[in-house]
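Coordinates in review
Okay, here's what each chain looks like letter by letter:
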Amino acid sequence: MKKVMAVFGTRPEAIKMCPLVLELKKSDQLETLVCVSGQHREMLQQVLDIFGVVPDYDLAIMKQGQDLTDVTTASLVGMREVLKKEEPDVVLVHGDTSTAFAASLAAFYQQIPVGHVEAGLRTYNLWSPYPEEFNRQGIGLTATYHFAPTETARKALLKEGKNPERIYVTGNTGIDALFHTIREDFHHPEIDWAKGSRLIVLTAHRRENLGDPMREMFRAIRRIIDEFQDVKVLYPIHMNPKVRAIASEVFEDCERIRIIEPLDVVSFHNLMKASYLIMSDSGGIQEEAPALGKPVLVMRDTTERPEGVEAGTLKLTGTGEEAIYQECKRLLTDPEVYRQMSEATNPYGDGKASQRIRKILEETDA
């Protein structure tokens, strides 16, 4: 029996890895273990509880004031001991976090094959998104299996010289997660607060946007709220105190912008479903929102998910106040532009990515 170890540490990773873990555990050909780093703590545990996934190992690396060096070195050392004990046949990591990079490097040092879920996303700018672009390229160097979500991602891997026989287009497991979380009868006080309004869901937290870029993003949203009386904004705010300080500065005393604590994955996915549009500098939302028919304004200078831009579900705005304001205003005033974005075909899969990855792992040898 092939032993597979899934490793993740943050809330976004967990959302996309838990459906895969559940699928792998159905197999009578695979023994599936789960190791979490604890790069996130409370937010990670929420996701694990919702999906009913219990880790076999918890490195518990999180500490106050940790930086990228702390996360990477603690994960690397912790994974060494786990891998020596379990000797898995494959280590699965997801995406682009420091946990994923460290786990893939630890597996490489132990000469254990790595499977990279959500492989092949690229901007080729190591500083945007930072440090994710470096992490995903680094993981790609260690990986034996490349589970690419789209044909565009496959082409990027081929361009880099990856073995074409080890690249598999599977779709994105984030779409699988939506099948677990969306509820037709979902109710939440914050969604009730927004009824009768056009709701904008806002997420913003990227390291490279801290400071003036984030301030400009928030000013654009404040202008929209001041101009459109039928619009409300819900902002589940990141835990980073620097993000919270900027949000408090720009959004102070605005009754139609509500800043709330981070939501669990079920609440957040259903909040997206109830929204009119989404404004974000996040990665995963760029895949999830199109599956729900919601236009996304991506407040970044680059995106590693060009398929959504090409399909018309995403609009890359940059981080400047005026550009963000104008693009949001277009969606609020031009029904045809809104219709085109909301009805564009979702390029990120059909919710069966986990099944495809399971089959590949059952049928292939490293």
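Residues numbered from 1 in each chain as written. Predicted model: local features only at pLDDT ≥ 70, side-chain atom pairs only at ≥ 80, totals over all residues. Heavy atoms only, no water.

**Quick word on a nonpolar patch on the surface**
Quick reminder of the rule: Every patch collects residues that have over 30% relative accessible area and no salt bridge, joining them within 9 Å if they carry like charges and within 5 Å if they are nonpolar side chains (Val, Leu, Ile, Met, Phe, Trp, Tyr). Residue burial considers only the protein chains on display, and all accessible areas are found by Shrake-Rupley using a 1.4 Å probe. Salt bridge, as used here: a side-chain nitrogen of Lys or Arg that lies within 4 Å of a carboxyl oxygen of Asp or Glu. Secondary structure elements follow DSSP: runs of H or I no shorter than four residues count as helices, runs of E no shorter than two count as strands, and numbering proceeds from the N terminus. Categorising residues by exposure relies on relative accessible area from a 1.4 Å probe, with only protein chains included: less than 20% of the type maximum marks a residue as buried, more than 50% marks it as exposed, and the intermediate range marks it as partly exposed.
Nonpolar side chains collect at one region of the surface, where Leu126, Trp127, Tyr130 and Phe134 lie side by side and expose about 450 Å² of accessible area between them. Within the secondary structure, Trp127 is located in the loop between strand E5 (114-117) and helix H5 (132-142). On the basis of relative accessible area, Trp127 is assigned to the exposed category, the value being 63%.

**Let's talk about the layout of surface pockets**
Note the threshold: A cavity here means a set of points on a 1 Å grid, drawn over the protein atoms and nothing else, where a 1.4 Å probe fits but cannot get out; a pocket is an open set with protein on both sides within 12 Å along at least five of seven lines, and a residue lines either one if it has an atom within 4 Å of a point. Grid points are joined across faces, edges and corners, and a volume is the space filled by probe spheres set on the points. Charged means Asp, Glu, Lys or Arg here, nonpolar means Ala, Val, Leu, Ile, Met, Phe, Trp, Tyr, Cys or Pro, and polar covers whatever is left, Gly included.
Taken as a whole, the second largest pocket spans an internal volume of roughly 160 Å³. Lining of the second largest pocket is provided by Pro19, Leu22, Glu23, Lys26, Asp176, Phe179, His180, Gly351, Ser354 and Gln355. Looking at side-chain class alone, the lining of the second largest pocket contains 3 nonpolar, 4 polar and 3 charged residues.

**Observations concerning the packing of helix H9 (residues 212-227) against helix H14 (residues 321-333)**
Spelled out, the test is: Helix axes use the C-alpha atoms of the stretch in contact, all axes being lines fitted to C-alpha atoms, and the angles between their N-to-C directions lie in the range 0 to 180 degrees. Take the far helix as the reference: if the near one is turned anticlockwise from it by less than a right angle, the crossing is left-handed, and if turned clockwise, right-handed. By definition, residues are in contact when any of their heavy atoms lie within 4.5 Å.
At a minimum axis distance of 8 Å, the contact between H9 and H14 shows a crossing angle of 35°. In this structure, H9 crosses over H14, and the sense of that crossing is right-handed. Mapping the contact onto sequence places Glu216, Met217, Arg219, Ala220, Arg223, Ile224 and Glu227 in H9 and Glu321, Glu322, Ile324, Tyr325, Cys328, Lys329 and Leu332 in H14.

**Some details on helix H1 (residues 11-24)**
Note the threshold: Multiplying 1.5 Å by the helix residue count minus one yields the expected span of that helix.
Taking 1.5 Å per residue as the helical rise, H1 with its 14 residues ought to reach 20 Å, and the 20 Å between its terminal C-alpha atoms agrees with that figure. Counting buried residues along H1, 12 of its 14 residues qualify, which places the element largely inside the surrounding structure. Among the residues making up H1, those that are buried are Arg11, Glu13, Ala14, Ile15, Lys16, Met17, Cys18, Pro19, Leu20, Val21, Glu23 and Leu24.

**A short note on the pairing of strand E1 (residues 2-8)**
Quick note on the threshold: DSSP-based pairing: two strands are paired if at least 2 bridges between them are found. With the strands pointing away from the viewer, any crossover whose connection runs clockwise from the first strand over the helix to the second is right-handed.
Counting buried residues in E1 gives 7 out of 7 residues, a clear majority hidden from the surface. Bridge count for E1 against strand E2 (residues 30-36) is 7 bridges, and the pairing is parallel. The residue of E2 that forms the bridge with Lys2 is Leu30. Once you follow E1 into H1 and on to E2, the crossover reads as right-handed.

**Digging into the pairing of strand E6 (residues 145-148)**
Along E6, one buried face is formed by Tyr145 and Phe147 and the opposite face, lined by His146 and Ala148, is buried too. Pairing of E5 with E6, which is carried by 3 bridges, proceeds in the parallel orientation. What sits directly across from Val117, in E6, is Phe147. With H5 bridging E5 and its parallel neighbour E6, the resulting β-α-β unit is right-handed. Note that E6 and strand E7 (residues 167-169) share 3 bridges and pair parallel.

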